[in-house]
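Below are the chains, spelled out letter by letter.
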Amino acid sequence: MVHTTATTSIATGIIVVKTAILVLGGLITYFSLKAYRKTGTPALRSLAIGFGIITLGALLGGTFDVIFGVDLATGLLIDAILTFVGFAVITYSLYAD
């Protein structure tokens, strides 16, 4: 059985967790970008981009679900796709010279 709606408590939980992810992901992205600007290392730039994509995915997944009324599964899919892409970029940054 597939559930496509969320109760009020679930929606509130999503908002709280997505906000925390946005804050922490934003901080990690900021500090990675700051380190890149200081050193000029392309790997740190890729790291910042990867964390930025993951943070954007969490933001869009939660926003589309709660604010725009997209069903929960679609919001989760958006979040998962951008998380996958972000982790791919982070993995690349670990091997970049």
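Residues numbered from 1 in each chain as written. Predicted model: local features only at pLDDT ≥ 70, side-chain atom pairs only at ≥ 80, totals over all residues. Heavy atoms only, no water.

Re the overall build of the chain
The helix and strand inventory of the chain stands at three helices and zero strands. Ordered by position from N to C terminus, the α and β elements of the chain give α-α-α. The dimensions of the chain, computed from C-alpha atoms along their principal axes, are 50 × 25 × 15 Å. A burial count over the chain gives 26% of its 97 residues as buried. Look at the contacts in the chain between residues 6 or more apart in sequence, and 63% of them connect residues 24 or more apart. Accessible area of the chain: about 6400 Å², with a carbon and sulfur share of 74%. Positive and negative charge centroids in the chain, built from 5 and 4 side chains respectively, lie 20 Å apart. (Helix = DSSP H or I, 4+ residues; strand = E, 2+ residues; numbered from the N terminus. Buried < 20%, exposed > 50% of the residue type's maximum accessible area, 1.4 Å probe, protein only. Contact = heavy atoms within 4.5 Å. Areas by Shrake-Rupley, 256 points an atom, 1.4 Å probe, with all protein chains shown as cover. Lys, Arg positive; Asp, Glu negative; His and termini not counted. Charge placed at Lys NZ, Arg CZ, Asp CG, Glu CD.)

Things to note about a nonpolar patch on the surface
On the surface, a nonpolar cluster with roughly 510 Å² of combined accessible area is contributed by Val23, Leu24, Leu27, Tyr30 and Phe31. The residue Val23 is located in helix H1 (residues 8-39) in this model. (Patch = residues over 30% accessible without salt bridge, like charges linked within 9 Å, V, L, I, M, F, W, Y side chains within 5 Å. Salt bridge = Lys/Arg side-chain N within 4 Å of Asp/Glu carboxyl O.)

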